[in-house]
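Residue strings, one per chain:
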Amino acid sequence: MEMLEMRGIVKRYNRFTLGPLDFNVPKGAVVGLVGENGAGKTTLIKAALGLITLDEGKVLFEGAPLEDDEAGIKERLGVVFEGSSFPEELKIPEIGRLMGAAYRSWDREAFAKYREQFGLPEDKKVKELSKGMRMKLSIAVALSHRAQFLLLDEATSGLDPVMREELLDILLDFMQDENHSVLLSSHITSDLERIADYIAFLKDGELVFFENKDDLIYSHGIVRVGRRELEQIDKEFLVSVRENAYECECLIRNARQFAGKYPQLAVDRASVEDIVLFYVRGERR
Amino acid sequence: MKALIWKDLYCMRGFLKQVVATEAILLGIGVTLNNPAMIAFALLFLSLSLIQASMSVDEKNRWERYALTMPFSRRDMVASKYVLLTAIAVVMGILLMLLNMVLAAVRGEDLTATAAAYLAVAAVYLMIYEVSLPFLYKLGVERGRYVMMGIMVAPVFCVALIAKCLPPEASQRAAELAGAYIWPLLGAAVAAAAVGMYVSYRVSLAIYRKKEF
């Protein structure tokens with residue numbers, strides 16, 4: 001069962017088009033969404049949430065379109081955007097009261113627990129909080145109404161390493177329930193590498209790949225060769241090549257088969273960041 | 001929707017303090033100049049502008065983008081502003097009537113003329129907002145504000161122009177007729193404001209449904 005299903009979605013702007021693409025977030029999975037600035041990550045999340053009107057395609061939550069039960073579906077969503085969206089004049093307890101009036105499933109105790117855990121001061125207004133603190137507040141709210149599906153758009157980017165680590169632990173804890181799902185867009189690929197089950201990569205509005213993270217990492221590798229050796233490599237293995245004055249760095253697919261076919265060439269492990277950088281900057285083969 | 005109204009009230013506390021302070025100053029000036037109508041009109045104007053202020057706060061904080069991920073529909077978002085506008089208008093109407101009664105008792109004057117004037121101005125202000133709100137939704141608060149100023153100035157300009165064009169006896173006759181039929185005219189104005197509220201809400205909702213965040 002898919003928590004989120006986007007089928008054949010297309011959103012056209014004057015100078016940018018997202019899609020056509022299919023995109024799913026399975027139940028019980030964390031999907032990491034990566035891509036350059038302007039690749040369409042936020043547009044995709046907005047499309048999922050119905051904040052923009054699609055030109056084509058449809059969006060389903062657990063098999064039902066948002067219009068079928070808008071309040072019920074949104075009750076189960078926890079959303080964090082980059083930067084806070086809370087009114088700046090409000091104090092944190094007031095935000096708690098506001099959310100209590102908005103969500104049927106609002107858990108005051110959970111909010112108090114997260115408020116304490118994140119060190120969110122009771123007496124300060126939102127405008128007096130740092131960027132990191134605002135982000136923590138958004139996350140505390142998202143986690144305090146018993147959401148089943150968290151959508152986090154660049155949620156970790158304003159946080160210090162300690163808080164990022166803490167947030168990832170919280171997300172892992174959230175994922176203990178197999179009915180929960182997370183869609184997390186981030187520039188920080190190491191965060192995604194740590195918690196994501198699937199990695200989706202967007203480039204210029206197109207979904208370049210959507211793969212199981214472990215399959216992605218283990219099927220790819222990096223090989224360093226000279227130009228002559230490069231010519232001899234079977235093109236089927238080559239994904240992307242980056243050349244410098246001395247050598248060619250190649251991102252290859254089917255790393256195990258490649259190692260069997262070219263035992264004389266050393267295949268290094270590719271991280272998610274390496275793979276993304278090769279797709280963005282390398283010369284596609 | 002209750003939460004959305006709560007949010008607006010929380011956000012407007014600061015602005016509300018400013019309104020009260022301004023009114024206190026105007027009250028002093030009004031009493032000194034023996035012109036209580038001035039307070040009444042300013043009170044109405046400032047109070048109704050709370051709606052515009054709340055929309056400005058929403059825009060600044062990108063609140064709507066977030067609120068639409070909460071269990072609110074676009075209809076809730078628009079309806080909450082109209083409920084608030086109506087509530088402010090009703091509360092201000094009651095306050096003005098109370099003020100009128102106090103001033104009339106102190107000054108020993110007839111209530112009717114000033115009460116009618118207050119109601120008429122309240123209905124006009126309300127109608128100005130009813131026309132303006134769809135523009136604020138369509139253009140955003142910053143650009144919509146200019147349209148709103150035009151909407152406020154236009155009726156005054158038209159009335160002044162008509163008064164200038166008409167011969168003095170016709171203007172006087174019109175004033176006499178208005179005086180004679182003041183309550184039916186007021187009833188019509190209030191009814192027009194109520195119908196206008198519904199039409200304005202439907203137009204705003206249609207605009208808001210197409211809006212992207």
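Refer to the structure printed above.
Okay, so let's go over this structure.

Side note on the overall build of chain A
Right, so step 1: The helix and strand tally for chain A stands at 11 helices and 15 strands.
Right, so step 2: Principal axes of the C-alpha set define a box for chain A whose edges measure 70 × 40 × 35 Å.
Right, so step 3: Expressed as a percentage of its 285 residues, the buried residues of chain A come to 54%.
Right, so step 4: For chain A, long-range pairs separated by at least 24 residues make up 69% of all intrachain contacts whose partners lie at least 6 apart in sequence.
Right, so step 5: As displayed, chain A has an accessible area near 13,000 Å², and 42% of this comes from carbon and sulfur atoms.
Right, so step 6: The centroid of the 39 positive side-chain charges in chain A is displaced by 3 Å from the centroid of its 50 negative side-chain charges.

Some thoughts on the packing of aromatic side chains
Residues and elements named next belong to chain A.
Right, so step 1: Tallying each qualifying case throughout the model produces 18 aromatic pairs over all chains.
Right, so step 2: Ring geometry for F258 against Y262: centres 4.7 Å apart, planes inclined by 40°, an arrangement best described as tilted. Accessibility assignment for this pair places F258 and Y262 in one class, buried.
Right, so step 3: Taken together, the ring pairs in this structure connect F23, Y198 and F210 into an aromatic cluster.
Right, so step 4: The ring of Y114 has K113 sitting right over it, with the charged end atom 4.7 Å from the ring centre.

Brief notes about a nonpolar patch on the surface
Residue and element names in this part refer to chain B.
Right, so step 1: On the surface, V90, V91, I94, L95, L98, M101 and L111 cluster together into a nonpolar patch covering about 610 Å² of accessible area.
Right, so step 2: Position of V91 relative to the elements: it lies in helix α5 (residues 74-107).
Right, so step 3: Given the relative accessible area of 46%, V91 is considered partly exposed.

Regarding the pairing of strand β6 (residues 77-80) of chain A
All names here are of chain A.
Right, so step 1: Neither face of β6 is exposed, since L77 and V79 on one face and G78 and V80 on the opposite face are all buried.
Right, so step 2: Inspection of the sheet shows β6 paired to strand β7 (residues 149-153) by 4 bridges, in the parallel sense. Opposite G78, over in β7, you have L150 as the bridge partner.

So, the environment of Y218 of chain A
Residues and elements named next belong to chain A.
Right, so step 1: Assignment of secondary structure puts Y218 in helix α8 (residues 213-219).
Right, so step 2: Using a relative accessible area of 62% as the deciding quantity, one classes Y218 as exposed.
Right, so step 3: When the C-alpha atoms of Y218 and K261 are compared, they prove to be 17 Å apart, with 43 residues separating the residues in sequence.

Looking at the sheet that holds strand β10 (residues 206-212) of chain A
Residue and element names in this part refer to chain A.
Right, so step 1: The 6 strands lie next to each other as β6-β7-β8-β3-β9-β10, forming an open sheet whose pairing is mixed. At either margin of the open sheet sits one strand with a lone partner, and together these are β6 and β10. Recorded for the sheet is a direction-independent mean angle of 15° between the axes of neighbouring strands.
Right, so step 2: Sheet topology places strand β3 (residues 30-35) next to strand β9 (residues 198-203); 5 bridges connect them, and they run parallel. Across the sheet, the residue bridging to G35 is L202, located in β9.
Right, so step 3: Contacts from helix α5 (residues 131-143) reach β6 and β7 within the one sheet, and its direction differs from that of β6 by about 175°.
Right, so step 4: On top of the sheet, helix α11 (residues 272-281) reaches β3, β9 and β10; it is set at about 20° to β9, its chief contact.

Some remarks on the sheet that holds strand β14 (residues 267-269) of chain A
Right, so step 1: Spatially, 5 strands are ordered β14-β11-β13-β12-β15 (chain A) in an open sheet, and the strand pairing comes out antiparallel. Since the sheet does not close on itself, it has two edges, and those belong to β14 and β15 (283-284) of chain A, each with one partner.

A closer look at the packing of α5 of chain B against helix α9 (residues 182-210) of chain B
Residue and element names in this part refer to chain B.
Right, so step 1: Contact geometry of α5 with α9 gives a least axis separation of 9 Å together with a crossing angle of 150°. With respect to α9, the element α5 is oriented roughly antiparallel. When the axes of α5 and α9 are compared, the crossing they make is right-handed. On α9, the residues touching R74, R75, M77, V78, A79, Y82, L85 and T86 of α5 are M197, S200, Y201, R202, S204, L205, Y208 and R209.
Right, so step 2: Its residues assigned to classes, the contact of α5 with α9 shows 9 nonpolar, 3 polar and 4 charged.

Section: the nonpolar core
Residues and elements named next belong to chain A.
Right, so step 1: Core analysis: the largest hydrophobic core is formed by 138 residues, its most contacted members being F23, M99, L137 and L183.
Right, so step 2: Summarising the domain contributions, this core has at least three residues from each of domain 1 (2-212) and domain 2 (220-284).
Right, so step 3: Counting residues in each nonpolar core, the second largest holds 14 residues, with L230, V241, C250 and I252 among its members.

A short note on α5 of chain A
Right, so step 1: Over its 13 residues, α5 of chain A extends 19 Å from the first C-alpha to the last, a length consistent with the 18 Å expected when each residue adds 1.5 Å.
Right, so step 2: Counting buried positions over the 13 residues of α5 of chain A gives 11, a clear majority of the element.
Right, so step 3: Of the residues making up α5 of chain A, those classed as buried are G132, R134, M135, K136, L137, S138, I139, A140, V141, A142 and L143 of chain A.
Right, so step 4: Looking at the buried side of α5 of chain A, the elements it contacts are β6, α3 (92-102), α4 (108-117), β7 and α6 (161-174) of chain A together with α4 (63-67) of chain B.

Let's talk about the side chain of E249 of chain A
All names here are of chain A.
Right, so step 1: One can find E249 in strand β13 (residues 248-252).
Right, so step 2: Given the relative accessible area of 16%, E249 is considered buried.
Right, so step 3: Within polar-contact distance, the side chain of E249 engages the side chain of R224 at 3.0 Å.
Right, so step 4: Those residues within four positions of E249 in sequence are excluded, and the remaining contacts are V223, R224, S240, V241, R242 and F278.

A look at the pairing of strand β1 (residues 2-12) of chain A
Residue and element names in this part refer to chain A.
Right, so step 1: Bridge count between β1 and strand β2 (residues 17-26): 7 bridges; the pairing is antiparallel. The residue of β2 that forms the bridge with E5 is N24.
Right, so step 2: Once β1 ends, the chain turns through 4 residues before running back antiparallel as β2.
Right, so step 3: One ladder, built from 5 bridges, connects β1 with strand β4 (residues 56-61); its direction is antiparallel. Residue pairing in the sheet places L4 in a bridge with F61 of β4.

Conventions we followed
Residues numbered from 1 in each chain as written. Chains lettered and ligands numbered in written order. Predicted model: local features only at pLDDT ≥ 70, side-chain atom pairs only at ≥ 80, totals over all residues. Heavy atoms only, no water. Helix = DSSP H or I, 4+ residues; strand = E, 2+ residues; numbered from the N terminus. Buried < 20%, exposed > 50% of the residue type's maximum accessible area, 1.4 Å probe, protein only. Contact = heavy atoms within 4.5 Å. Areas by Shrake-Rupley, 256 points an atom, 1.4 Å probe, with all protein chains shown as cover. Lys, Arg positive; Asp, Glu negative; His and termini not counted. Charge placed at Lys NZ, Arg CZ, Asp CG, Glu CD. Phe/Tyr/Trp six-rings, centres within 6.5 Å; stacked < 30°, edge-to-face > 60°. Lys NZ or Arg CZ within 6 Å of the ring centre and 35° of its normal. Patch = residues over 30% accessible without salt bridge, like charges linked within 9 Å, V, L, I, M, F, W, Y side chains within 5 Å. Salt bridge = Lys/Arg side-chain N within 4 Å of Asp/Glu carboxyl O. Pairing = 2+ DSSP bridges. Axes fitted to C-alpha atoms, helices over the stretch in contact; angles between N-to-C directions. Parallel < 35°, antiparallel > 145°, perpendicular 65-115°, else oblique. Left-handed = near helix turned anticlockwise from the far one by under 90°. Nonpolar A, V, L, I, M, F, W, Y, C, P; charged D, E, K, R; others polar. Core = buried A, V, L, I, M, F, W, Y, C linked by side-chain atoms within 4.5 Å. Domains from an automatic or database assignment. Expected span 1.5 Å × (residues − 1). Polar contact = N/O pair within 3.5 Å; in protein donor to acceptor, adjacent residues only side chain to side chain.

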